[in-house]
Amino acid sequence: MTSDATSISGAAEPSQESASPSSAPNPLRIPILYVILGVLLVISIIPMYFYSEQVEAINRDRLKTNEMLLQNTVTRSLADDLSQHERSLRMMLANLSSAVQVASGGDIGDKNIEAPELRALLENFVSSSDDLAYATLLNSDAKGISAGRIAPDAFLQRELQHAFDAARDGRAYTGQALQVQDDKMQRTVVLVSNPVSYDGRVLGMVGVVVDLQFLIRRLREVSGGGLIPYVVDAQGRLVAAGTPQYVTGQDMKNLEIVRNFVDEGNKGQLAATKEFAEHDGNNSIQMLGTYSPVTALDWAVVVQKPRLEAYRGVYEMQRTARLLALLAVLVSIFVSIIAARRITNPLQILTQSSRALARGDFSQRAQLRSRTEIGELAETFNTMSEELEHFVEDLKRAAEENRALFLGSIQMLAGAVDEKDPYTRGHSDRVTRYSMMIAKEMKLDATFMETLQISAQLHDVGKIGIEDRILKKPGALTAEEFEVMKTHTTKGANILRPVTQLAEMLPGIELHHEALDGRGYPYGLKGDQIPLLARVIAVADTFDALTTNRPYQTAHTPDEALKIIQNLAGKRLDPAPVAALLAVYGRGEIRIQRISIKRPVSQEVVAETPAAVSAKPVPVPETANLERTPV
């Protein structure tokens, strides 16, 4: 019965040790929040990542293409302007040649070359355009007239000689770009000439020095936004530039894009764009450049731009795309966390409620409102918890009733034993009460005290098998009778041994008459060989035997009984329970009610009892006499 009550109690109130595994989360378990968050992030970020990469690649290619188209458009426009300007100039030179033929009558020899009409014609030609800095008319003998704002220097004279040589061969000539100084400023100029022919004969040459300031202005106009425009000739020498970092006549073939134009020669009819490196000392700048040939002049218009500037839009787009992607990721994480928590928080509430249920707290309810299946699960959980709470309460109530019935049965059995002799009535109840006081004072655990209560109540159950003539004998027992009396300990153990649930109580029943010095019975155990259960009961049993009236002894006062017990401490009785008994009595928790039952007793028998001995002046009786007392 005890085992059943204990098991029911254990089911209703699980111990801390048994509850700890369920209350502690498994360290190897992955929280579902992380799983849901991971899934949401994967399905939101990975497609976004690939989409942004694809869009970025497309836009990057488009931006690069737009930059190349821009450079191509600029160079093509400048090249077309130069071609148009060259055609206009050639047409003006052709008209001038025709006018010279008409004015001279086809003769510009030594007599006619300095005619006022020709000089006026030449001066009007120069003044007709701000781009014409100088003009000259030479006959076949290299004599002639000139007009203009500049005076030819040695370099320009050499160019005039090259132009004259080309005219004698019947060819037009475009010279090398030069820098000349006039009264106001330094000018970049180029010589352009046409032969003067009449009736199939070369009469001479008309040469014009063209001021390239118009070209420099156009180059400067397009030099904004990081573009560096310039014009080179067929040998890769600089004609004009829109920035002061290059000078006229500078060899530009160190730039790969110019070198490509020079290598292409007359074959390069179309614009070309490429990436190249410009070296400035130890530094190397990655550039993007485009050139467009000016076929009529064997020149090329070049624009170039540092690649960092050229692709700035690309880099800004990439940076913006990454920032937007990062923002999208953060938003996705935020939304994912909120969504995951809306899913996992109810599960966490259910988990906590389940753990509380596993700990035995059946009053726990999942406070969860949801229209989803999780809400239905919470309602089911609460219903289950309520049913379990009622069920456990019923089990507890049944266990308490079962325990009360069990203890009542034990008390009835002990009372039946006590009733065999009116002098021992209530003995089992008092020994139980004293034992529980001693155990409580010794701060023994609840499990031990429960075992002690039952064992003390049944410690004398073996007396049910002792003959009444011995059990009720009104006097000291003979040696033979005492040997029979000593068997009540083993008889009691044997009576209860078939009951498996009472196995823990048997030591108190069988061994409560063992003595520390080995003079006890039934086995003569010593010291720690005697279980604590039996040692506690022994002290309580001795105290009650000494403080109750028996036919063979008069009850001692509690103080006298305690002195006797103190004398037995360490010999027969365990000092620890003895000290606990003294403490309990010292606080006034033990009250002795004397019950007197009159029965004729012979003087001879009384004289041999421990009570008679204790009435003498000797303060403490011999242990042997006390052992012969049938307690």
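From a predicted model like this one, the values you see are computed outputs, not experimental measurements.

Chemist: So what's going on with the overall build of the chain? Which residues, and what values?
Modeler: Broken down by element type, the chain carries 22 helices and 11 strands. Evaluated residue by residue, the chain yields a buried proportion of 42% over its 631 residues. Considering only contacts in the chain between residues 6 or more positions apart, those separated by 24 or more positions represent 61%. As displayed, the chain has an accessible area near 33000 Å², and 54% of this comes from carbon and sulfur atoms.

Chemist: Tell me about helix 18 (residues 558–568), and name the residues and values.
Modeler: For helix 18, the full list of buried residues reads Pro558, Ala561, Leu562, Ile564, Ile565 and Leu568. Angularly, the buried residues of helix 18 cover 160 degrees about the axis, an arc narrow enough to put them on a single face. Phi for Gly570, located one or two positions after helix 18, is positive at around 85 degrees.

Chemist: How would you explain the side chain of Arg187 if you had to name every residue and give the values?
Modeler: Within the secondary structure layout, Arg187 lies in strand 5 (residues 186–198). Beyond its immediate sequence surroundings of up to four residues, Arg187 is in contact with Leu178, Gln179, Val180, Asp182 and Asp211.

Chemist: Give a detailed account of the sheet that holds strand 10 (residues 283–294), specifying residues and quantitative values.
Modeler: If you walk across this open sheet you meet the five strands as 8-7-11-10-9, and the pairing is antiparallel. Looking at the sheet topology across the chains shown, the edges are occupied by strand 8 (238–241) and strand 9 (272–280). Neighbour to neighbour, the strand axes of the sheet diverge by 30 degrees on average, direction disregarded. Sitting on the sheet, helix 6 (residues 213–221) touches strand 7 (228–232) and strand 8, and the angle it makes with strand 8 is about 55 degrees. Running at roughly 35 degrees to strand 10, helix 7 (residues 256–264) makes contact with strand 7, strand 9, strand 10 and strand 11 (299–306) of the sheet.

Chemist: Tell me about the environment of Asp130, residues and numbers included.
Modeler: As for its placement among the helices and strands, Asp130 is situated in the loop between helix 4 (116–127) and strand 1 (132–139). For Asp130, a relative accessible area of 67% gives the class exposed. C-alpha of Asp130 to C-alpha of Phe214: the two residues are 84 residues apart in sequence and 9.2 Å apart in space. The residues touching Asp130, leaving out its near neighbours within four places in the chain, are Arg149 and Asp211.

Chemist: How would you summarise a nonpolar patch on the surface if you had to cite specific residues and measurements?
Modeler: A cluster of nonpolar side chains, Val35, Val39, Val42, Ile43, Ile46, Tyr49 and Phe50, forms an exposed patch at the surface whose accessible area comes to about 660 Å². Note that Ile46 resides in helix 3 (residues 32–104). Owing to a relative accessible area of 40%, Ile46 belongs among the partly exposed residues under this scheme.

Chemist: Outline the side chain of His459, listing residues and values.
Modeler: Among the structural elements, His459 can be located in the loop between helix 12 (446–457) and helix 13 (468–471). At 2.7 Å, the side chain of His459 forms a polar contact with the backbone oxygen of Ala456. Polar side-chain contacts of His459 include one of 3.5 Å to the side chain of Asp541.

Chemist: Talk me through the packing of aromatic side chains; I want residue IDs and the actual numbers.
Modeler: The final tally for this structure, using the stated rule, is four aromatic pairs. Both rings, one in Tyr230 and one in Tyr246, keep their centres 5.4 Å apart while their planes meet at 65 degrees; by these two values the pair is edge-to-face. Here Tyr246 lies in the loop between strand 8 and helix 7 and Tyr230 lies in strand 7, a separation of 16 residues in the sequence. Side by side, Tyr230 and Tyr246 carry an identical accessibility label, which is buried. With a centroid separation of 6.0 Å and an interplanar angle of 85 degrees, the aromatic rings of Phe482 and Tyr521 are classed as edge-to-face.

Chemist: How would you explain the confidence of the model for the chain if you had to name every residue and give the values?
Modeler: For residues with low pLDDT, the predicted coordinates do not support detailed interpretation. A residue-level look at the chain finds 82% of positions with pLDDT of 70 or above and a mean pLDDT of 80. No element of the chain has a lower mean pLDDT than helix 21 (residues 610–615), which averages 33, and none a higher one than helix 19 (residues 575–586), which averages 95. In this model residues 1–24 is a low-confidence stretch, pLDDT under 50, and it forms 32 contacts with partners more than four residues away in sequence or in other chains. Confidence over residues 596–625 falls short of pLDDT 50; this stretch has 37 contacts with residues more than four positions distant or in other chains.

Chemist: Hey, could you go over unusual backbone geometry for me, with residue numbers and the actual values?
Modeler: Omega for the bond connecting Tyr521 with Pro522 falls within 30 degrees of zero, at 15 degrees, which places this linkage in the cis form. With a phi close to 65 degrees, Ala142 is a non-glycine residue in the positive phi region. Here Ala142 shows up in the loop between strand 1 and strand 2 (144–148). With phi around 60 degrees, Lys443 is a residue other than glycine that occupies positive phi space. Note on placement: Lys443 falls in the loop between helix 11 (427–441) and helix 12. The class of Lys443 is exposed, set by a relative accessible area of 73%.

Chemist: Residue-level account of the pattern of salt bridges, with values.
Modeler: Under the defined criterion, the tally for this structure stands at 23 salt bridges. Between Arg218 and Asp81 there is a salt bridge, with its nearest N and O atoms 2.7 Å apart. On the criterion of sequence distance, the pair formed by Arg218 in helix 6 and Asp81 in helix 3 is long-range, its members being 137 residues apart. Looking at Arg218, the relative accessible area reads 24%, which means it is partly exposed. Accessibility expressed as a relative area gives 34% for Asp81, which makes it partly exposed. Among the ionic pairs, Asp574 bridges to Arg535, the shortest N-O distance being 2.7 Å. Pair noted here: Asp574 is in the loop between helix 18 and helix 19 and Arg535 is in helix 17 (residues 532–546), with a separation of 39 residues, a long-range link. Exposure remark for Asp574: the relative accessible area of 11% places this residue in the buried category.

Chemist: Could you give me a rundown of the nonpolar core, with the residues and numbers involved?
Modeler: Counting residues in hydrophobic clusters, the biggest one holds 43 residues, and the most contacted among them are Leu82, Leu137, Val210 and Trp299. Residues Val431, Leu573, Val578 and Leu581 belong to the second largest nonpolar core, which totals 28 residues.

Definitions and cut-offs
- Residues numbered from 1 in each chain as written.
- Predicted model: local features only at pLDDT ≥ 70, side-chain atom pairs only at ≥ 80, totals over all residues.
- Heavy atoms only, no water.
- Helix = DSSP H or I, 4+ residues; strand = E, 2+ residues; numbered from the N terminus.
- Buried < 20%, exposed > 50% of the residue type's maximum accessible area, 1.4 Å probe, protein only.
- Contact = heavy atoms within 4.5 Å.
- Areas by Shrake-Rupley, 256 points an atom, 1.4 Å probe, with all protein chains shown as cover.
- Arc of directions from axis to C-beta.
- Pairing = 2+ DSSP bridges.
- Axes fitted to C-alpha atoms, helices over the stretch in contact; angles between N-to-C directions.
- Patch = residues over 30% accessible without salt bridge, like charges linked within 9 Å, V, L, I, M, F, W, Y side chains within 5 Å.
- Salt bridge = Lys/Arg side-chain N within 4 Å of Asp/Glu carboxyl O.
- Polar contact = N/O pair within 3.5 Å; in protein donor to acceptor, adjacent residues only side chain to side chain.
- Phe/Tyr/Trp six-rings, centres within 6.5 Å; stacked < 30°, edge-to-face > 60°.
- pLDDT = per-residue confidence, 0-100.
- Core = buried A, V, L, I, M, F, W, Y, C linked by side-chain atoms within 4.5 Å.

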